[in-house]
Amino acid sequence: MHKEDLEQEFFKSFTVLFVEDEEDVREAFVNFLKRRFKEVYLAKDGKEGFEAFQKYAPDVIITDIIMPELNGLAMSAMIKQIEPDAPIIVVTAHDDVNLLVEAIGIGIDGYVMKPINDKLLVQTIKKALFGLRYQRAKKDIQEKDTMISVVADNSPAGICLFGDNGIIYANKALETITGYSKSELIGGSLLDIIQSDSKRLSERINLSLDSACNIEKYSEIRIKTKTGKIRYIDLIANSVEFKEGYVCIANMIDVTDKKWFKEELEHSRAKLEELNRELKYNMQVIQQKNRLLEDQLYTDKLTNLPNRRKLLEDLKHAPSPFLILLNIDSFKEVNDFYGTEIGDFVLKEIAKRLGLFVHQGRFRLYKLQADEYALLDMECSRDEDLEGVGQKVHDDVDSHLIFLKEQEIHIQISAGMAFGENETVMTRADIALKLAKKHNKPFLIYNDTMMVMKEYEENFRWIRMLKNALDDNRIICYFQPVFNNKTKEVYKYECLARLLGEDGKVYSPFFFIEISKKARLYHRITQAIVSDACRVFKEVNCKFSINLSIDDILDHHTINFIIEELERYGVAHKAIFEILESEGIDNYEEVDAFIQRVRKLGCQIAIDDFGSGYSNFAHILRLNVDIIKIDASIIQNSDTDKNSQIIAKTIVEFSRKLGIKTVAEFVHSKEILETVKSFGVDYSQGYFIGEPSRELLS
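Residues numbered from 1 in each chain as written. Predicted model: local features only at pLDDT ≥ 70, side-chain atom pairs only at ≥ 80, totals over all residues. Heavy atoms only, no water.

How do you make sense of the pairing of strand β25 (residues 661-664) when you look at a structure like this?
When a strand is regular, its side chains alternate between the sheet's two faces. For strand β24 (residues 627-630) and β25, the ladder comprises 4 bridges, and the chain directions are parallel. Residue lysine 629 lies in a different strand from β25, and its bridge partner there is valine 663. A crossover links β25 with its parallel partner strand β26 (residues 683-684), the connecting element being helix α26 (residues 670-679), and its sense is right-handed. (Pairing = 2+ DSSP bridges. Helix = DSSP H or I, 4+ residues; strand = E, 2+ residues; numbered from the N terminus. Right-handed = clockwise from strand over helix to strand, strands pointing away.)

Can you walk me through the packing of aromatic side chains in this structure?
Two numbers describe a pair of aromatic rings. These are the distance of the centres and the angle of the planes. As enumerated under the stated definition, the model contains 13 aromatic pairs in all. Judged by centre distance (5.1 Å) and plane angle (45°), the rings of phenylalanine 322 and phenylalanine 419 are tilted. Of this pair, phenylalanine 322 sits in strand β11 (residues 322-328) while phenylalanine 419 sits in strand β16 (residues 413-419), placing them 97 residues apart in sequence. Three or more aromatic residues joined by ring pairs make a cluster, and in this case those are Trp462, Tyr507, Phe510 and Phe511. Taking the ring centre of tyrosine 373 as reference, the NZ or CZ of lysine 367 above it sits at 5.6 Å. In this arrangement the basic side chain of lysine 517 is found over the ring face of tyrosine 522, its NZ or CZ atom lying 5.2 Å from the centre. (Phe/Tyr/Trp six-rings, centres within 6.5 Å; stacked < 30°, edge-to-face > 60°. Lys NZ or Arg CZ within 6 Å of the ring centre and 35° of its normal.)

Would you mind showing me how to read helix α2 (residues 23-34) here?
At 3.6 residues per turn, the α-helix brings residues three or four places apart onto the same side. With 12 residues, α2 ought to run about 16 Å at 1.5 Å a step, and its terminal C-alpha atoms sit 16 Å apart, in line with that. For α2, the complete set of buried residues consists of Val25, Arg26, Phe29, Val30, Phe32 and Leu33. (Expected span 1.5 Å × (residues − 1). Buried < 20%, exposed > 50% of the residue type's maximum accessible area, 1.4 Å probe, protein only.)

So what exactly am I meant to see when it comes to the sheet that holds strand β13 (residues 372-377) here?
Two strands in a sheet stick together by hydrogen bonds in their backbones, pointing the same way (parallel) or opposite ways (antiparallel). Spatial strand order, β12-β13-β11-β16-β17: 5 strands in an open sheet with mixed pairing. In this open sheet, the two edge strands, each paired with only one partner strand, are β12 (364-367) and β17 (443-445). With strand direction ignored, the average angle separating the axes of adjacent strands in the sheet is 15°. Bridging between β11 and β13 involves 6 bridges; their strand directions are antiparallel. By the bridge assignment for β13, leucine 326 is matched with tyrosine 373. (Axes fitted to C-alpha atoms, helices over the stretch in contact; angles between N-to-C directions.)

Hey, could you run me through the pattern of salt bridges in this one?
Proximity of charged atoms lets side chains of opposite charge pair with each other. Tallying each qualifying case throughout the model produces 23 salt bridges. Between arginine 568 and glutamate 565 there is a salt bridge, and its shortest N-O distance comes to 3.4 Å. You can see arginine 568 and its partner glutamate 565 sitting in helix α21 (residues 556-569), 3 residues apart, about one turn around the helix. Judged by its relative accessible area of 58%, arginine 568 is exposed. In this structure, a network of salt bridges that share partners links the residues Lys492, Glu494, Glu578, Lys629 and Glu665. (Salt bridge = Lys/Arg side-chain N within 4 Å of Asp/Glu carboxyl O.)

Please explain a negative patch on the surface as it appears in this structure.
Residues Glu22, Glu23, Asp24 and Glu27 make up a contiguous surface patch of negative charge. Mapped onto the elements, glutamate 22 comes out in the loop between β1 (15-19) and α2. On the accessibility criterion, glutamate 22 (39% relative accessible area) is partly exposed. (Patch = residues over 30% accessible without salt bridge, like charges linked within 9 Å, V, L, I, M, F, W, Y side chains within 5 Å. Areas by Shrake-Rupley, 256 points an atom, 1.4 Å probe, with all protein chains shown as cover. Lys, Arg positive; Asp, Glu negative; His and termini not counted. Charge placed at Lys NZ, Arg CZ, Asp CG, Glu CD.)

What is the right way to look at unusual backbone geometry in this model?
Leaving glycine out, the prevailing phi sign among residues is negative, and the prevailing peptide bond configuration is trans. For arginine 520, which is not glycine, the phi dihedral falls at a positive 60°. Mapped onto the secondary structure, arginine 520 falls in the loop between α18 (513-518) and α19 (522-537).

What am I meant to see in the pairing of strand β21 (residues 543-548) here?
With 4 bridges connecting them, strand β19 (residues 490-500) and β21 associate as parallel partners. Along β21, the bridge assignment pairs lysine 492 with lysine 543. Here β21 runs beside strand β22 (residues 575-580); their pairing, made up of 5 bridges, is parallel. If you follow phenylalanine 544 over to β22, its bridge partner there is alanine 575.

Which parts of the structure should I look at to understand the environment of isoleucine 249?
By the secondary structure assignment, isoleucine 249 is in strand β10 (residues 245-254). In this structure the C-alpha to C-alpha distance between isoleucine 249 and alanine 237, which are 12 residues apart in sequence, comes to 5.7 Å.

Would you explain the sheet that holds strand β3 (residues 60-63) in this entry?
As summarised here, the arrangement of the 5 strands in space is β2-β1-β3-β4-β5, forming an open sheet in which the pairing is parallel. Strands at the two margins of the open sheet, each flanked by one partner only, are β2 (39-43) and β5 (110-113). The sheet shows a mean angle of 20° between the axes of neighbouring strands, direction not considered. Taken together, the 4 bridges between β1 and β3 define a ladder with parallel strand orientation. Residue pairing for β3: valine 19 is matched across the bridge by threonine 63.

Have a look at this one:
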C-alpha cells in the first residue's frame, strides 16, 4: 500500500471541527478536509465552535484566532478545560508573538500561518493526531492494567504467581485465606503453606516451573493458616512462559465451609428424611382439613348444595353463562305459620325438585341466601327458547305440592333469568327477579330496557358520594333568612342541608335524602347539620332552626347527640326545632318527651309544612308548639286562589288565639309578601326575601 493510501486510511478514522469566520476560506477548505477525514464539522465563530465541540466531540480542532462572538484562543481554552488532550491547531494571518505565546500557554498543538500551506497543515494535523493516538493508547493500557489489578484484587479466589524465587504476587483474597499479608507471602514458597502428603502435587508444582503444563485441579487440599488453623482449598494451577522462564499461576478457592457443610449435610440427611416422612403425613392431614374447610366455605349447610361463594367462583370460568335466580314467594309466611323447622323442610324439598335439572346434565344448582336458589348453564346459546326453559322450571316446582303430616303446602316461585359476563349476570338476573316479583310474573328474562340497572348504579354512586362527604365533613348548612313582617329584620335562619361535592358543586337534599334513608345514613346527615349549625351560631346573636323528622326524634342516639351539641356550644336558647308535620305524627309520647326535654334547655318547637295533607289541628293542641310554618302549597298561590286564602286565614286566626307565631313559606314575589302580611302572618320566608346561602346576611 502506498504512503499516500496509508495516510488517507489513517486520517479517515478521525473527525475534525473547522472554525473559520470567513465564508470563502471555509468553503475553500471544506472539500480538502472532507477528502481526508471521516467527518467534518463547520462553525463560523468561537461560540458556535464550542457548541459544536460539546455536541460532536471531534478528534481534532482547526481554528482561526480573530473571530466575532468568541475568538479562537478563548474557545480553545474552554475546550482544554473540558478535554486537556484535545488536539487544537491554530491557523491565522497574524504573526503576533503575543498570540503565539498565549496559544502555547493554552496548550495549542500546532500553529499554521495563512495563507495555508496544504502540506504543512497535513503534517501538523498528522503530528497532533499521532500524539492523540499515543495518549489514547497509553490511557487504554493504564485502564487495562488498572482493570486487571482491580479484578484480581476483588476476586473471591486467592491468586498467586510464583517462580524459581518463590511467590511474586498475591491478591487480597489469598491474604484472607492464609492469614498472611502480601509482604509475608511474597518471596515464600507455596509448598510452605500447603499441608499435603501428595508427592504428585509437589512434583507437578515443581515441574510447572520448568516447562509449560496443562491446567491441573486438586480438590480439598489442606493449608495451614498463620494462626495454625487448617483450612481446605480447591487448587487450580497452570504455568505460562514469562520472559526467560515459566511462572506458575495458582487459583485457590476456600471450600472449608463447603466441606463442613457437606459433612453436616450428610449428618442431617437421615434426620431430614425422617422429617420429610412426618411432613408428608402432616400435609395429608392438612389437605383433608382443607377439603373439609373448602366444603364448609362453598357449601350450604342445610341443603349440602354449592352456595353463593361457589357460584361466584364458577362464574369466573364460565365463557357464556346463563343464570336463573329463583325465589320462593311469601316464604316468610311459611316460616311464621308453620315454624322454622317446617320452613327448612320446604327449602330442602325445593332443592330436590330443582335437582332434577342437574340430573338432566345441563344446569348446576346452588342454594343462595335465605330462600333463594340459582341454576347456572355454563355455556348457553342465545338462540335457545329461553321462555320455554323458564316456563318449565317454574311449572316443575309450582305443579307439585309438598306434603307434611297430611298437610298440603303449596309453594310458588318467581324467577329472573339473564345472560352476562362473570358477576354482571348475577346483577342482571337479580334485577329480572325483582321485577318479576314486583309485577307478579312467574319469571322474566333480563333485557336492556330494564332501567333498574341504571337506578342501582346511580344509587351506588350517591351512596359512595354521601359516605365520602360525611367522612370529609362536606355535609354543611346553607342558611335561609326568615324575616319579621313588622320590623322587616331577620328573625332567624333556617339551616338547610347541602352536600358539597369534591369538585365544589353543591347538591340539595332532593338528590340524596331518600337514598340516605335506604343506606341508613340519614341520621348521620342530621347530626352533621346540627354540629355545623351549633358551631356557626355560637358566635352569632340570632336564632336558628333545624328540621327534624319523626325518624330523628325516635332515634335515641340522634337525640342524645343533639342535646350534647346544644350544651357543648351553649346555643340551646337560640335553637328552634321544626318537626316535619307532613310525615304524620303517631308517636305522641316520644315526640312529647323530646319536646319537653329540649324546652328545659331553652329551645323552641315549630311544626313545619302545616297544611300539607296530613295536617291535624290536634297536633298543635297536643304538642304545645311555639311556631307554625304554613306549607308552600297554601302560600304559593294565595294572592289569587280564594281557597288558599281561606285556609291561610284560618290557620293564622287559630294560631293567634293560641299564642302561636306563624311563618309563611315560599314567599316568591312582592304580591305574595303583601298578601301574607294582610293575613296577619308574623314571619315570611322565600326566595323573594332571601335565598339559601353559606354566608349569613350582614
